[in-house]
Amino acid sequence: MVKRKNRDGSSGPVFYSLSKNNPLRKLNKNDRRTLFKAVIFLFILLLSWITFGKNSILDYLEVKKELTATIDRKETLENENKKLRQQIAKIQDDPEYLEKIARRRYYMTRKNEVLFKFD
């Protein structure tokens, strides 16, 4: 608390209450009640604007969820790309693996081989 001279000349901590010099004290009971209701109404209005308005908390949570899904998708695609690069390197470096892929996927045969296909 900041110590400074109060209006009455004392140097104690400053508290704002319904003291003699407080402007709220001059209001009658009905006016204070109306002021209280207005403050509550503005608080509720502000709270609803933060919750449901443009760029609200709900929008933030939705965007955060989309970001998480996008990051997960990115990681999945990076892993898939890594596997494909490894497979490309293996195909380029290993002729036996290339032959195996050609036989399995494209039904290629060696010279003088007969292919039997069963369904």
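Each value, and the rule that gives it
What you see as residue numbers is a count from 1 along each chain, following the sequence as written. Two thresholds apply to this predicted model, a pLDDT of at least 70 for residue-level local features and 80 or more for giving and counting side-chain atom pairs, whereas whole-chain, interface and lining totals are computed over all residues. To get the side-chain values, take all heavy atoms of the structure and skip hydrogens and water. Under this scheme, a helix contributes an axis fitted over its contacting stretch, all axes are lines through C-alpha atoms, and angles between N-to-C directions fall in the 0 to 180 degree range. Going along the chain from the N terminus, every DSSP run of H or I of four or more residues is numbered as a helix, and every run of E of two or more is numbered as a strand. Should an angle fall under 35 degrees it is taken as roughly parallel, and over 145 as roughly antiparallel, whereas 65 to 115 is taken as roughly perpendicular and any remaining angle as oblique. Should any heavy atoms of two residues lie within 4.5 Å, those residues are considered in contact. Three residue categories are used. Nonpolar comprises Ala, Val, Leu, Ile, Met, Phe, Trp, Tyr, Cys and Pro, charged comprises Asp, Glu, Lys and Arg, and polar comprises the others, including Gly. What counts as a salt bridge is simple: a side-chain nitrogen of Lys or Arg found within 4 Å of a carboxyl oxygen of Asp or Glu.

**Student:** Pulling in residues and values, what's your account of the packing of helix α2 (residues 57-93) against helix α3 (residues 95-106)?
**Tutor:** The N-to-C vectors of α2 and α3 enclose an angle of 105 degrees; their axes lie 5 Å apart at closest approach. It follows from the interaxial angle that α2 and α3 lie roughly perpendicular. Only P95, Y97, L98, I101 and R105 of α3 make contact with α2, whose side of the interface consists of Q87, K90, I91 and D93. For the contact of α2 with α3, the residue count by class is five nonpolar, one polar and three charged.

**Student:** So, the pattern of salt bridges: which residues are in play, and what are the values?
**Tutor:** As enumerated under the stated definition, the model contains four salt bridges in all. The salt bridge involving E99 is made with R103; its shortest N-O contact spans 3.1 Å. Of this pair, E99 and R103 both sit in helix α3, four residues apart, which is roughly one turn of that helix. Residues participating in the shared-partner salt-bridge network are E99, R103, R110 and E113.

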